[in-house]
Amino acid sequence: MRAHLRYLWYVLRHKWYVFWECYKVGILWRGLVHDLSKFSPSEWGPYVNHFYGPNARQWRDKTGYYKPTNTGDPSFELAWLHHANSNDHHWQWWTQVEDDQKSTKVYPMSDAAQKEMLADWRGAGRAQGKPDTIAWYRANRDKMLLHPATREWIEKQLFGEGIRNNG
């Protein structure tokens, strides 16, 4: 039960921070419904066990990043797949492995999805006590397959004349 409460506290804190970041960029509804799939049975239990269960270990690196695949925890990996495929604010939602499995097609994210993705990064950083989104992005930039237009938009928001230039 304690693991469930700890995870609930984290998810609610995360949702609160993301909600405020979404509010700042004019996507209030997306802030309200952000990550609701985490409360589904397909995600809740595996996430609780992965991050707070008896065999949990430190999954995040010093930037707050965690690799959701090849974790050795198949139930968590399926939960993550469900989450990424249910929430278009994750860049993975916008990728498609080609049938030959030798390449991946990357699509540009919608305006609302990319705003929510940035709000998610900012909110997650604040929830984890690591609010420097720019440093997080620099450390993790090469781990993400983003369409050039999406990457340009993200980097303009983080480094240029964007909706907010600080982390």
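Asks: When you look at the overall build of the protein in this model, what are you seeing that I'm missing?
Replies: Counting its regular elements, the protein contains 7 helices and 2 strands. The order of helices and strands in the protein, counted from the N terminus, is α-α-α-α-β-β-α-α-α. Looking at the protein as a whole, 44% of its 167 residues are labelled buried. Pairs at least 24 apart in sequence give 59% of the contacts found in the protein among residues at least 6 apart. If you sum the accessible surface of the protein, you get close to 9500 Å²; carbon and sulfur atoms cover 55% of it.

Asks: Just to check I follow, could you spell out the confidence of the model for the protein for this structure?
Replies: Close inspection of predicted coordinates is inappropriate for parts of the model with low pLDDT. Residues with a pLDDT of 70 or more make up 90% of the protein, whose mean pLDDT is 91. Here residues 162-167 is modelled with pLDDT under 50, and outside its nearest four sequence neighbours on either side it reaches 21 contacts, counting other chains as well.

Asks: Help me understand the packing of aromatic side chains in this model?
Replies: Two descriptors summarise a pair of aromatic rings, namely the distance from one centre to the other and the angle between the planes of the rings. Applying the stated criterion across every chain, the model contains 15 aromatic pairs. Judged by centre distance (6.1 Å) and plane angle (50°), the rings of Tyr 47 and Phe 51 are tilted. You can see Tyr 47 and its partner Phe 51 sitting in helix α3 (residues 41-52), 4 residues apart, about one turn around the helix. Residue Tyr 47 shares its accessibility class with Phe 51, and that shared class is buried.

Asks: Help me out: how do you make sense of a nonpolar patch on the surface in this one?
Replies: Taken together, the side chains of Trp 16, Trp 20, Tyr 23, Leu 28, Trp 29 and Leu 32 make up a nonpolar region of the molecular surface, amounting to roughly 700 Å² of accessible area. Of all the elements in the fold, those that place two or more residues in the nonpolar patch are α1 (2-24) and α2 (28-33). With respect to the element layout, Leu 28 can be found in helix α2.

Asks: Just checking my understanding: could you explain the environment of Met 1 for this structure?
Replies: Its location among the elements puts Met 1 in the segment before α1. In this structure Met 1 comes out as exposed when scored by relative accessible area, which is 72%. The spatial distance from the C-alpha of Met 1 to the C-alpha of Gly 53 is 9.8 Å, given a sequence separation of 52 residues.

Asks: Looking at this structure, I do not really get the pattern of salt bridges. What am I missing?
Replies: For the structure on display, the rule yields 8 salt bridges. In this structure, Asp 111 engages Lys 115 in a salt bridge whose closest nitrogen and oxygen atoms are separated by 3.4 Å. Here Asp 111 pairs with Lys 115, and both are found in helix α5 (residues 111-127), just 4 residues apart, close to one helical turn. Classification of Asp 111 by relative accessible area gives partly exposed; the value is 41%. When the shortest N-O distance is used, the salt bridge between Glu 155 and Arg 141 registers 2.7 Å. Taken as a pair, Glu 155 in helix α7 (residues 148-159) and Arg 141 in the loop between α6 (133-140) and α7 lie far apart in primary sequence, 14 residues in all. With a relative accessible area of 22%, Glu 155 lands in the partly exposed category. Accessibility expressed as a relative area gives 28% for Arg 141, which makes it partly exposed. Overlapping salt bridges, with partners in common, bring together Glu 21, Lys 24 and Arg 126 in one network.

Definitions and cut-offs
- Residues numbered from 1 in each chain as written.
- Predicted model: local features only at pLDDT ≥ 70, side-chain atom pairs only at ≥ 80, totals over all residues.
- Heavy atoms only, no water.
- Helix = DSSP H or I, 4+ residues; strand = E, 2+ residues; numbered from the N terminus.
- Buried < 20%, exposed > 50% of the residue type's maximum accessible area, 1.4 Å probe, protein only.
- Contact = heavy atoms within 4.5 Å.
- Areas by Shrake-Rupley, 256 points an atom, 1.4 Å probe, with all protein chains shown as cover.
- pLDDT = per-residue confidence, 0-100.
- Phe/Tyr/Trp six-rings, centres within 6.5 Å; stacked < 30°, edge-to-face > 60°.
- Patch = residues over 30% accessible without salt bridge, like charges linked within 9 Å, V, L, I, M, F, W, Y side chains within 5 Å.
- Salt bridge = Lys/Arg side-chain N within 4 Å of Asp/Glu carboxyl O.

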